[in-house]
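The chain contents come next:
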Amino acid sequence: DPQNNAHLPPSVLLSELLEVVDQTAVLSASALLTKPAVSSVSQHICTVHPLQPFAPDNFNAAGAKQSYSAQWFRAAQRLAAPAELTPVAFIGTLPEPSSEGLTIEPAQLLQCFKNPARFLLEQRLGVRIGQTEQLIGADEPFALEGSARSGLRKLALQAVEQGWSEQTERRIARAAGWLPSGEVGHALWGQVRGPLLAFAPKLLAARPTQTAQPLHVDIQLGGVRVLGWLDGVTDCGLFDWRLIAPGAWDLPSFWLRHLLLNLSDSDGIARDSLLLSPNGDWQLGPLANAAELLAPWLAAYQQARFTALGFLPRSSMAFAKALCTPSKGSKKDPLEAAREKAQFAWQGSDFSTFAAESDDPWYALAFRDREPLDEAFEALAEQLLGPALLALQAGEEDQG
């Protein structure tokens, strides 16, 4: 059995054939001498092959079973070698791909820093992790799931845009299965809907009247050419919005798009970026040193192509925020406070509403044999996200 290695009998047809052989034939004296442990003719004429093609017995020079596969031979060598007391990391340093003439699209750069571990595992190793199927709950829900909250937020904004009545909006929400029944559903609906009703007029007023057009980008920097199109750009600059508070997953994308906007060779387009949300806005102005700020990101991108990059969006942002923009009333050493924040984001807590970042299946696989929060992680978080957080802080001061 391939699952538990238990012995399975042959098929009925083959079993009957072997029984007939044992009943009609006897072993010769020479056969008994060559295989003294064999007691029946059927055992003498049968050859037992290993279940797996990479079994070391398949490559025994003195054995009767011979394989000529170089691929399986390397795997058999590893199995036959003595066990390592200290296993190596799952991903060490892969052969570095050629960076000569490296050309990437803006979308590839943004995708990499959403989850560098996933980028490496999918692009270089072809690893795919299936999504866990969500079963239909058997109990009456008393809280909203993430998909339901997202759907209700989008519905609230759409209702304001279309001028729908409250009854129409609620009927659509119930038909979609987003709301529990009774007063519980009504209360949860109000919690999600209230902030969106206050935010919608601000968003609709600030949204550019001009339709956003892709902006052509062609940047050569640090041995990498970024060539392609940047979405969401109007004459006023880069405009985006979220229906929840922007977080660690939004910062790399927002900052990189702003850097590419400032380096693009397009006249008549403002070098400003704005991201609106019900919980506060992100605003960035023109940058004189955009190339200097983009260079370490491109260097990190090249590194992410052959090793597990120590950039973890939530943990890295927690570290950089505590180190580069510490609270004014904090009495802790900024470095120690930053390490505590990063550890909290990585390991999680029973009292936190967010899952630990280490529970992400891509990070759990890439860093399963080592601690990612090392000196390289700290240097990368400060170098990449520090300038972005300082720029956002300056933007908040300008707004104030």
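Structure: see above.
The structure presented is a predicted model; accordingly, all values stated were derived computationally and were not measured. (Residues numbered from 1 in each chain as written. Predicted model: local features only at pLDDT ≥ 70, side-chain atom pairs only at ≥ 80, totals over all residues. Heavy atoms only, no water.)

### Examining the overall build of the chain
- Summing up its helical and strand segments, the chain has 15 helices and 6 strands in all.
- Overall, the chain is about 100 × 60 × 45 Å in size when its C-alpha atoms are taken along their principal axes.
- Contacts in the chain between residues far apart in sequence, at least 24 positions, make up 68% of those at least 6 positions apart.
- If you sum the accessible surface of the chain, you get close to 24,000 Å²; carbon and sulfur atoms cover 53% of it.
- Here the chain holds 31 positive side-chain charges and 44 negative ones, and the gap between their average locations is 2 Å. (Helix = DSSP H or I, 4+ residues; strand = E, 2+ residues; numbered from the N terminus. Contact = heavy atoms within 4.5 Å. Areas by Shrake-Rupley, 256 points an atom, 1.4 Å probe, with all protein chains shown as cover. Lys, Arg positive; Asp, Glu negative; His and termini not counted. Charge placed at Lys NZ, Arg CZ, Asp CG, Glu CD.)

### A short note on the pattern of salt bridges
- Inspection of every chain in the model, using the stated rule, returns 11 salt bridges.
- Across the pair Arg118 and Glu122 runs a salt bridge whose closest N-O atoms are separated by 3.1 Å. Taken together, the residues Arg118 and Glu122, both in helix 6 (residues 116–123) and 4 residues apart, mark about one turn of the helix.
- For Arg118, a relative accessible area of 35% puts it in the partly exposed group.
- For Glu122, a relative accessible area of 17% puts it in the buried group.
- Among the salt bridges present, the one from Arg339 reaches Glu336, with a minimum N-O distance of 3.5 Å. (Salt bridge = Lys/Arg side-chain N within 4 Å of Asp/Glu carboxyl O. Buried < 20%, exposed > 50% of the residue type's maximum accessible area, 1.4 Å probe, protein only.)

### Overview of the environment of Ser40
- For Ser40, the position within the fold is in the loop between helix 2 (29–34) and helix 3 (41–45).
- The buried category is assigned to Ser40, whose relative accessible area is 17%.
- When the C-alpha positions of Ser40 and Leu188 are compared, they lie 75 Å apart, and in sequence the two are 148 residues distant.
- Leaving out residues up to four positions away in the same chain, Ser40 has contacts with Asp22 and Leu27.
- A distance of 3.2 Å separates a polar atom in the side chain of Ser40 from a polar atom in the side chain of Ser42. (Polar contact = N/O pair within 3.5 Å; in protein donor to acceptor, adjacent residues only side chain to side chain.)

### Thoughts on the nonpolar core
- Ranked by internal contacts, the top residues of the largest apolar core, which has 47 residues, are Phe113, Leu294 and Trp297.
- Here this core gets 8 residues from one element, more than from any other, and that element is helix 11 (residues 290–304).
- Setting aside residues up to four positions removed in sequence, Phe113 forms contacts with Pro252, Leu256, Trp297, Ala300, Tyr301, Leu309, Phe311, Pro313 and Leu384.
- Of all hydrophobic cores here, the second largest spans 19 residues; its members include Leu312, Leu365, Phe367 and Phe377. (Core = buried A, V, L, I, M, F, W, Y, C linked by side-chain atoms within 4.5 Å.)

### Points about the pairing of strand 2 (residues 213–221)
- As paired elements, strand 2 and strand 3 (residues 224–234) share 8 bridges and run antiparallel to each other. Bridge pairing in strand 3 links Gln213 to Val233.
- Counted between consecutive antiparallel strands, the loop separating strand 2 from strand 3 contains 2 residues, among which Gly222 sits at a positive phi close to 60°. (Pairing = 2+ DSSP bridges.)

### A closer look at the packing of helix 5 (residues 106–114) against helix 10 (residues 251–263)
- Axis separation between helix 5 and helix 10 bottoms out at 9 Å; the angle between their running directions is 150°. With respect to helix 10, the axis of helix 5 lies roughly antiparallel. Judged by the sense of rotation from one axis to the other, the crossing of helix 5 with helix 10 is right-handed. Across the interface between the two elements, Pro106, Leu109, Leu110 and Phe113 of helix 5 pack against Pro252, Ser253, Leu256, Arg257 and Leu260 of helix 10.
- Considered class by class, the residues forming the contact of helix 5 with helix 10 number 7 nonpolar, 1 polar and 1 charged. (Axes fitted to C-alpha atoms, helices over the stretch in contact; angles between N-to-C directions. Parallel < 35°, antiparallel > 145°, perpendicular 65-115°, else oblique. Left-handed = near helix turned anticlockwise from the far one by under 90°. Nonpolar A, V, L, I, M, F, W, Y, C, P; charged D, E, K, R; others polar.)

### Digging into the packing of aromatic side chains
- Going through the model one piece at a time under the given rule, you end up with 11 aromatic pairs.
- Ring pairing ties together the aromatic residues Phe113, Trp297 and Phe311, which thus form one cluster. (Phe/Tyr/Trp six-rings, centres within 6.5 Å; stacked < 30°, edge-to-face > 60°.)

### Considerations on the environment of Leu221
- Mapped onto the elements of the fold, Leu221 is located in strand 2.
- The sequence separation of Leu221 and Leu298 amounts to 77 residues, and the corresponding C-alpha distance is 7.9 Å.
- Beyond its immediate chain neighbours, meaning those up to four positions away, Leu221 contacts Ala291, Leu294, Ala295 and Leu298.

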